[in-house]
Amino acid sequence: MAIACAPPEGTIALLGFEDSDDHPWAIDVTYATTGHTQLRVRTVRGTIDWPQRIRSVETLASNMIEPVGMAGPGAARGPRIPTAPETPTSIVIDGTPVPATRMDLPNRSGIRVEWQGQHVFCLGEASLLDSLELRTGTSADFTRFMAEFEEFIARRRPGGQ
């Protein structure tokens, strides 16, 4: 799985996991402040051992779908798949530039990269993605993320420190 080398300042890393047919499908690391997601790095099980029809389920556009109700007053409700073009780019992972594609929308941007047989989607503000570097996440990172989250929750409880 991929994680940000330098998470956005003031964010906490929130972990998400998805399974499909009792097999691991994706790991999300969402870097957020209270009420606002700044960056999402989604590592999706890739091309190694899934049938072709499953390999192409997630795309950069599908990861950037406008959430229901976010389109504004009077707009049609429901998810909207963006139609902006994907342009070639690169992103540094473990110190090495890796070819990728990028999509820029007025309110967010996304990068898609094939890495170690997996798909990695990075979603956030354009300026944040411009300088984003990733690295391989470790079990120590997971342990730290969970401890930071538990500490965050404890501070928010009445009488928490």
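This structure is a prediction, so every number in the text was calculated from the model and none was measured.

Participant: Can you walk me through the pattern of salt bridges in this structure?
Facilitator: Pairing between side chains of opposite charge can happen when the charged atoms of each approach one another. According to the stated counting rule, one finds 10 salt bridges in the structure shown. For R42, the salt bridge identified is with E18, shortest N-O distance 2.8 Å. One end of the pair, R42, is in strand β4 (residues 36–44); the other, E18, is in strand β2 (residues 12–20), with 24 residues separating them in the sequence. Taking the relative accessible area as the measure of exposure, R42 reaches 4% and is therefore buried. For E151, the salt bridge identified is with R155, shortest N-O distance 3.0 Å. With E151 and R155 both in helix α4 (residues 139–156) and four residues apart, this pair spans about one turn of that helix. Residue R155 is classed as partly exposed on the basis of its relative accessible area of 42%. The network of salt bridges with common partners includes E18, D28, R40 and R42.

Participant: Whenever I open this one, unusual backbone geometry confuses me. Can you help?
Facilitator: In terms of backbone geometry, most residues other than glycine have negative phi values and most peptide bonds are trans. At D94, a residue that is not glycine, the phi angle is positive and equals roughly 50°. Note on placement: D94 falls in the loop between β5 (87–93) and β6 (96–104). Positive phi values are uncommon outside glycine, yet Q116 reaches one of about 50°.

Each value, and the rule that gives it
Numbers given for residues are sequential positions, taken from 1 along each chain in its written order. In keeping with the predicted nature of the model, local features appear solely for residues at pLDDT of at least 70, side-chain atom pairs appear and are counted solely at 80 or more, and the whole-chain, interface and lining totals rest on all residues. Excluded from the side-chain calculation are hydrogens and water; included are all heavy atoms of the structure. A pair is scored as a salt bridge if a Lys or Arg side-chain nitrogen falls within 4 Å of a carboxyl oxygen belonging to Asp or Glu. To qualify as a helix, a DSSP run of H or I must reach at least 4 residues; to qualify as a strand, a run of E must reach at least 2; elements of each kind are numbered from the N terminus. Note on exposure labels: buried denotes an accessible area under 20% of the residue type's maximum, exposed denotes more than 50%, and partly exposed covers the range between, all computed with a 1.4 Å probe on protein chains only.

Distances and angles like these do not, on their own, reveal function.
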